[in-house]
There are 2 protein chains.
Amino acid sequence: MAQASRYLTGDKAGIQEFLDKFDVFLLDCDGVLWSGDRLLPGVREAIEFLQSKGKRTIFVTNNSTKSRQEYHKKFTRLSIPCTPDDIFGSSYSAAIYVSRILALPTSDKPKVFVLGEAGVEDELRAEGVSFIGGTDPALRRDITPEDFDNLADGSALDPEVGAVLCGLDFHVNYLKLATAAQYLRRGALFLATNTDSSLPMSGSFFPGAGSVGFPLVNMLGRKPLALGKPSQAMMDAVEGKFHLDRARTCMIGDRLDTDIRFGIEGGLGGTLAVLTGVNKREDWEKPDAAAVPAYHVDGLGDLKF
Amino acid sequence: MAQASRYLTGDKAGIQEFLDKFDVFLLDCDGVLWSGDRLLPGVREAIEFLQSKGKRTIFVTNNSTKSRQEYHKKFTRLSIPCTPDDIFGSSYSAAIYVSRILALPTSDKPKVFVLGEAGVEDELRAEGVSFIGGTDPALRRDITPEDFDNLADGSALDPEVGAVLCGLDFHVNYLKLATAAQYLRRGALFLATNTDSSLPMSGSFFPGAGSVGFPLVNMLGRKPLALGKPSQAMMDAVEGKFHLDRARTCMIGDRLDTDIRFGIEGGLGGTLAVLTGVNKREDWEKPDAAAVPAYHVDGLGDLKF
């Protein structure tokens, strides 16, 4: 028998029981709090309600385009109460991985070629990791015949680069993909902030970080080590930073294959799905569901009374 | 026992015997004739030799960035004897498919959104197929918040578009991928000129047409109908145009999964691999080889005496 997911919308006693189980809520952002720049209904009030009950709210997002500081501006603009320290993004998770895990005692931190936006760069910089690529205007142009030659013979490559880090890049182009491909062909580590295939925006779906970097996966036949949800590298980093009690922590998200799996594989006390993003009820009622949330509500705004 | 592939380099009697079996040679271009803009050794002489023996040489390429006319300029510049009619590209194959196969008696030719270069556009135009996208300068820019809204609500979309055709696009960007994704989400047919994962250039490898369009495959979980090699839609079109006797025709190429498979699945009399491109001898000596060529030479230049 498939696991059942308890539906809490409109169920005051159920919500009370749910709240009593947890001290900390890890909340995904895109598709849970907002879609693009549109706040979803009742979200602000639900966050305020959780905080008024003494719950800690931590925002755990795979979106790598913004740093924590930039994210915090968005929260402030949308009047969602939080501090920059309450935000944990996949860019930050990736920067910590490169800086603290890859920088073994016997080796320097590798220089990173970034396919991504300023958010990745800011977090790498904050962790003292050298990088190239990213938002460099010199790469925002068409590829030339000379580029093909200089990439092929390596003269356009930086010999210090030891890793390629892919995030969501709204300025992806052939030159950047070709450059990343050459580093990977020469043995660079292949890392990704996250592998979400789609990005919820404006009430629809657009290519996500996992899709933008997929030309490299297809060309090279190698998958990146993903450092966002559901990677437990991210859970370990969240736990290390916030010293949370996993049994008293609940993950709230819209995606079964990232958010809900992240919570289940991380051994959290619970998971709650919202239906305002990528996945719907039928997705976890299938026999081959990516994960089944313990609880669900129509939208985060329902999580109050 | 694995099939053996006969090695002809330096074997004059073997080459004579090989030549006697065939009237027509279908030749791949990238990795066989040239790498990027560099002609491979002895290629011109080998083509002249084949033609001097009364053989028909037809150039069958998956590269979709150039139309037959543009390709012909490259042949002329490199002094390889051929006419535009001797060239058969995946752009042409795709245009024929949209124009003649999709345009059933009961339906109009669908308008096509193109992810690709001028080669695709020229061939669609020559077949009377309407299209948008492609090299349109209006799409060579960054995506804006308004674009997300207008793509999501459909106001930026052309309701006549019924198919998305992906080729190799050196000007790929997020706006084009996002636009293509929205047409596909609304039910447009998903076509590809070809699905080569890599492009041999400057003696190395770069992202190919199949990789550039892969963000859409990953995001939508749908694969395109590929109209280049090894698709037999292309073989049917080649046969229809040149009225060739398949038993007396040989496919020459560097890739097992496109060229050699194309020849074998098309029931041609023979296949010959060259080692100047993607695949090497060990690739077909593996138990799970994509295809085994009947013959091979180090390079096309060896096919003369």
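None of the values given here were measured: they were computed from a predicted structure. (Residues numbered from 1 in each chain as written. Chains lettered and ligands numbered in written order. Predicted model: local features only at pLDDT ≥ 70, side-chain atom pairs only at ≥ 80, totals over all residues. Heavy atoms only, no water.)

Peer 1: Which residues make up helix 7 (residues 174-185) of chain B, and what values go with them?
Peer 2: Every α-helix winds through 3.6 residues per turn, so residues three or four apart in the chain are directed the same way. Residues and elements named next belong to chain B. For helix 7, with twelve residues, the first-to-last C-alpha span of 16 Å sits near the 16 Å given by 1.5 Å per residue. Buried residues dominate helix 7, accounting for eleven of its twelve residues. Buried residues of helix 7: Tyr174, Leu175, Lys176, Leu177, Ala178, Thr179, Ala180, Ala181, Gln182, Tyr183 and Leu184, and no others. The N-cap residue of helix 7 is Asn173: its side-chain oxygen and the backbone nitrogen of Leu175 are 3.1 Å apart. Two residues or fewer past helix 7, Gly187 is found with a positive phi of approximately 100°. (Helix = DSSP H or I, 4+ residues; strand = E, 2+ residues; numbered from the N terminus. Expected span 1.5 Å × (residues − 1). Buried < 20%, exposed > 50% of the residue type's maximum accessible area, 1.4 Å probe, protein only. Polar contact = N/O pair within 3.5 Å; in protein donor to acceptor, adjacent residues only side chain to side chain.)

Peer 1: Give a description of the relation of the copies chain B and chain A that names residues and reports values.
Peer 2: Take chain B, turn it by 180°, move it 0.0 Å along the axis, and it overlays chain A with an RMSD of 0.1 Å. On this basis, the relationship between the two copies can be described by a two-fold rotation axis. Rotation axis and chain B: the residue whose C-alpha lies nearest the axis is Asn173 of chain B, separated from it by 2.7 Å. A shared interface surface links the copies, since 100% of the contact residues of chain B are contact residues in chain A too. (Least-squares fit on C-alpha atoms with pLDDT ≥ 70 in both. Contact = heavy atoms within 4.5 Å.)

Peer 1: Mind laying out unusual backbone geometry, listing which residues take part and the relevant values?
Peer 2: With an omega dihedral of 5°, the bond running from Lys229 of chain A to Pro230 of chain A counts as a cis peptide bond. For Pro230 of chain A, the position within the fold is in the loop between strand 13 (225-226) and helix 10 (232-242). Non-glycine residue His243 of chain A carries a positive phi angle of around 50°. Inspection of the secondary structure puts His243 of chain A in the loop between helix 10 and strand 14 (249-253). Judged by relative accessible area, His243 of chain A falls into the exposed class, the value being 67%. Despite not being glycine, Ser202 of chain B shows a phi value in the positive range, around 50°. On the secondary structure map, Ser202 of chain B appears in the loop between strand 11 (198-201) and strand 12 (204-207).

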